[in-house]
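Single-letter residue listing:
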Amino acid sequence: MGTSTQARPTAHDAFGSPVGVNNFSIIAATVNGSGSQTANNAIARALFKMGIPTTGKNLFPSNIQGLPTWYIIRISREGYIGRRENAEVLIAMNRATADEDISKVPSGGVVIYPTEWKLSESRDDVTYYALPVQQLAKASGASAKMLSYVANMAYVGALVTLLGIDINEIDAALMHHFGGKRKAVDLNMGVVKAAAEYCQQNITKRDPFKVERMNATAGKVLIDGNSAGGLGTCFGGFTFAAWYPITPSTSLVDALTDYAKELRVEPDGTHTYAIVQAEDEIAAIGMITGAGWAGARAMTSTSGPGISLMTEYAGLAYFTEIPVVIWDIMRMGPSTGLPTRVSQGDVLMVYFLGHGDTKQIVLLPSNMQECFACGWQSFDLAERLQTPVFVLSDLDLGMNTWMSDPLEYPDTPMDRGKVLSAAQLDAAKGFNRYEDVDGDGIGYRTVPGTESKYAAYFTRGSGHNKYAQYTERADEWEANLDRLHRKHEYARTIVPKPVIDEVAGATVGIIAYGSTDQSMPEARKFLADRGVKTSYMRIRALPTTAEIHDFIQRYPRLYVVENNYDGQMRKILQMEVPERAKDLVQISKCDGLPLSSEWIATSILKKESK
Amino acid sequence: MAVQEPPIKVNRLGLTRDDYKGRASTLCKGCGHDSISQRIISVAYDLNLDPTHLIKVSGIGCSSKTPAYFINQSHGFNGLHGRMPSMATGAVLANRTLTALGVSGDGDAMSIGLGQFIHMVRRNVPMVFIVENNGVYGLTKGQFSATADLDQELKYAGRNELPPIDVCHEALVADCGFIGRSFAGDPRQVEALLKAALSHRGTAILDIISPCVTFNDHDDSTKSYAYGKAHEQIISDFGFVAPQEEITVDYDPGTTADVTMHDGSHVRLRKLDEKHDPRNRDAAMRVLEEAHIKQEFITGLIYINEERPALTEIERLPATPLAFLPPEKTRPSREALAKVMQEL
């Protein structure tokens, strides 16, 4: 490979920084079901192992095979992980979308495409590299069945040469992917090597994009949020899970199942848990409600449509005060919506899920460590508060690969809440299930199988008094709602507090939560560079805590950034802090993609410039 | 000489029959459901059931209110309409030592809850599931349920133009291993079926015709006391022999057969040559088909098969109930997490 003397001008990203060495994005446009994920993951993992901060995002269709899919790898020497609007290096492997894909490449970018297409290279502001993909794949000797899979390795090989990716790291990444099966790795590596050599001999590099080894990922791990959540659930001491398959939550239970088989099997082969695939989401939440009532740490995982079906049981569990944990890996609604695209559209629904005056506990993880932590904290909160706890993750967090500091072991012992033993019951000669003994709104409970004649009580969704007896008396009904309200107020004091970054002299407060946090460091730097100093609060739970109210009181202008159409968190904050309602400004977008740093920054800047 | 009080009768657990009572019923006077509750109380007392290891579960409807009217010393959960099976499934997996007694109705089990009913049977959730079947929605004042017979007349709903869903048929198709039908007006048979059902390995379905005295007990109703008494055809005769009981009554050889239940008790089938053999699935299917076509009211043990393992046996549960496992069994070690991190 030679180097052309006619290098094109260096491209810049939307923030004006030059893109080039360790600062650009790659987008692989492929056909769904063609096995391109193996190739994409290998590239991302190899870059990560080269010590370069790397994040991978999969934009995929609701389809098994045939529709277009894109995988974006961001390489950021600064360590930024948010989505960017542009990707400079296009790997065009899907003829059906090629014209539009190529049109989106920013000036100065690169297009790698199959020679077999005989493409007319019509743009003169991008660099084209043709790669004989089919020829390279066929030369590998792969069977006809495997041909389309190994063909993807051709672009991996091309990037090895064109970007300077260490080929040994590709080999190691494939070994990781194939669980050490050398034969499968060799078949793929044959194509990688052939493509790398082809580029060395036949292509003259005419672009500025390169990677160089760094030391910015030492000690870090690559993981997706659903795996982190499943692992956290496993370390949270779950004993029962019931679920129904739905994208994008399925991989959470898959991870939980795999980790549990590894970590939660006794020497005699028995399992310290049970996982049941239910017939639908109604049955899934029914099962965990029964299990939670009987004393298990019970959870389910679903997405928006599943939450809709769970509504009635969520209200029952709230009112009968049964601890359960429900993960909602949010995707785009209404209805079936865009099942494989991200949104934060379930916040309002989940916070008020149930009929009547229901207020649920909601946890909002923003990163891999928090996805893990929610796995165990959710159980502690659910059992302490005797109520459902919802964990609102989303498709971007859940299904994409993130660079993270290692997940941290739970730092507090399990809190099993107020559960009375047979000895305690016999000593007290009874208990009143829904009596507020401690002033926190939480009664004491018993579980079936407690061997005391005083243990039993009757659980019902209909009106009940503090003795758990049926009642339709107005005063008893109201007293019960008052107690539930006290419990909600108590919950404010124990749910995770927001993370606040206060900047001296800032007059602008930015509020975000969940996956939107990924773009904030970059967006805030962009704003700061243009003289807009911002303080930042990331909300981690509902109900709102005192810290959230204080932050909102401190700033004249507040921008609530979220990935939904209606500005749902903003609406909740407006209800919670009504006197500041008009100062809470909606910055929301809902197009199926994670919010980009550029969009957030420019949207706020526009408002600030007015 | 002081008059000696007669000794209070207690069972092997030292509990009186009164200890198995519940709160006062709020159902209509004469409701078939109350009669079934009384049978449950007697059977629990007779079988020495430990109330602390019994759970009473139900959905929504008149029948589903009844768990409050028996065995106060047991935990009860009056849950959602048609969704009790899932809740019971979670509870028995959380604590495998529990005996679950579910009470449902024809609307709860065969209309809104048919899906959960079938899946409960398919999973063979260990529990007794009673359908207190009166063919009518009582709490909403008299609509037809899905088990109402063809051409029935109701004041509220007029004539029923659709055929009924048969509880026992549905259970059999879903591979249920214990299916019985009875009549609230036949206490002896209800008790015998209940005792055997409580010893069954998996899901036991009891379809008990239980007249609704307010909305569906008129002369031309097929779910009335009068109709039941006049038309009940007992298709199988059997006795229940508890594990500890000595078998004292002898029958002529060749006229009886014993089915050994999961807990060591026996169901003794009698007069095999004359009647239906409940061990034969094909025969059970045929009996139900014929009764459906001829609109006959057959009762008794329809099918019994102890071979299928219950869900709690399939799930590889440890001896200690999941609900009572200590944290050291349910939270892997710090080292285990470090190892997972290494592999990422």
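Residues numbered from 1 in each chain as written. Chains lettered and ligands numbered in written order. Predicted model: local features only at pLDDT ≥ 70, side-chain atom pairs only at ≥ 80, totals over all residues. Heavy atoms only, no water.

Formed by 101 residues in total, the largest nonpolar core has its most connected members in A:Phe240, A:Ile511 and B:Phe117. Broken down by element, this core gets its largest block of residues, eight residues, from helix α9 (residues 281-293) of chain A. For A:Ile511, the contacting residues outside a window of four places in its chain are A:Met537, A:Ile539, A:Phe551, A:Ile552, A:Leu558, A:Tyr559, A:Val560, A:Val561, A:Leu573 and A:Leu584. (Core = buried A, V, L, I, M, F, W, Y, C linked by side-chain atoms within 4.5 Å. Buried < 20%, exposed > 50% of the residue type's maximum accessible area, 1.4 Å probe, protein only. Helix = DSSP H or I, 4+ residues; strand = E, 2+ residues; numbered from the N terminus. Contact = heavy atoms within 4.5 Å.)

Next up on the list: the domain arrangement of chain A. If you check the domain split of chain A, you get domain 1 (23-202), domain 2 (223-404), domain 3 (422-494) and domain 4 (499-609). Once you take the C-alpha centre of each, domain 1 of chain A and domain 3 of chain A turn out to be 59 Å apart. (Domains from an automatic or database assignment.)

Glancing now at the sheet that holds strand β19 (residues 534-539) of chain A. Residues and elements named next belong to chain A. Here we have five strands laid out as an open sheet, ordered β17-β19-β18-β21-β22, and mixed in their pairing. At either margin of the open sheet sits one strand with a lone partner, and together these are β17 (499-501) and β22 (584-588). For this sheet, the mean angle separating the axes of adjacent strands, direction not counted, is 20 degrees. In this sheet, β22 lies alongside strand β21 (residues 557-562) in parallel orientation, the contact comprising five bridges. Paired with tyrosine 559 across the strands is valine 585, a residue of β22. Across the sheet, helix α16 (residues 520-529) lies against β17, β18 (508-513), β19 and β21, angled at about 165 degrees from β19, the strand it touches most. Lying over the sheet, helix α18 (residues 568-576) contacts β18, β19, β21 and β22, oriented at roughly 140 degrees with respect to β21. (Pairing = 2+ DSSP bridges. Axes fitted to C-alpha atoms, helices over the stretch in contact; angles between N-to-C directions.)

Here the residue pair A:Thr247 and A:Pro248 is connected by a cis peptide bond, since its omega of 5 degrees sits within 30 degrees of zero. Cis peptide bonds are those with omega within 30 degrees of zero, and the linkage from A:Leu542 to A:Pro543 qualifies with 5 degrees. Positive phi outside glycine occurs at A:Ala468, with the angle close to 65 degrees. Mapping A:Ala468 onto the fold places it in the loop between β16 (458-460) and α15 (474-494). You can call A:Ala468 buried: its relative accessible area is 4%. Even without being glycine, B:Asp175 reaches a positive phi, approximately 70 degrees. Position of B:Asp175 among the secondary structure elements: in the loop between α6 (167-173) and β9 (178-183).

Take the packing of aromatic side chains next. Here the distance between the centres and the angle between the planes together describe a pair of aromatic rings. For the structure shown, the criterion picks out 14 aromatic pairs over all chains. Taken together, a centroid distance of 4.8 Å and an interplanar angle of 50 degrees make the contact between A:Tyr351 and A:Phe352 tilted. Here the aromatic rings of B:Phe117 and B:Phe129 are separated by 5.5 Å at their centres, their planes lie at 65 degrees, and the arrangement is edge-to-face. Of this pair, B:Phe117 sits in helix α5 (residues 114-123) while B:Phe129 sits in strand β4 (residues 127-133); the two residues are 12 residues apart in sequence, bridging distant segments of the chain. Considered together, B:Phe117 and B:Phe129 belong to a single accessibility category, that of buried residues. One aromatic cluster is present, built from ring pairs that chain together A:Phe235, A:Phe372 and A:Tyr409. (Phe/Tyr/Trp six-rings, centres within 6.5 Å; stacked < 30°, edge-to-face > 60°.)

Residue and element names in this part refer to chain B. Inspection of every chain in the model, using the stated rule, returns 53 salt bridges over all chains. Across the pair lysine 223 and aspartate 149 runs a salt bridge, and its minimum N-O distance is 3.6 Å. Separated by 74 residues along the polypeptide, lysine 223 in the loop between β10 (203-209) and α8 (225-231) and aspartate 149 in the loop between β6 (143-144) and β7 (153-154) bring together distant segments of the chain. For arginine 270, the salt bridge is made with aspartate 237, and the minimal N-O distance between the two is 3.4 Å. Residue arginine 270 is located in strand β14 (residues 266-270), and its partner aspartate 237 is located in strand β12 (residues 237-241); the two are separated by 33 residues in the primary sequence. (Salt bridge = Lys/Arg side-chain N within 4 Å of Asp/Glu carboxyl O.)

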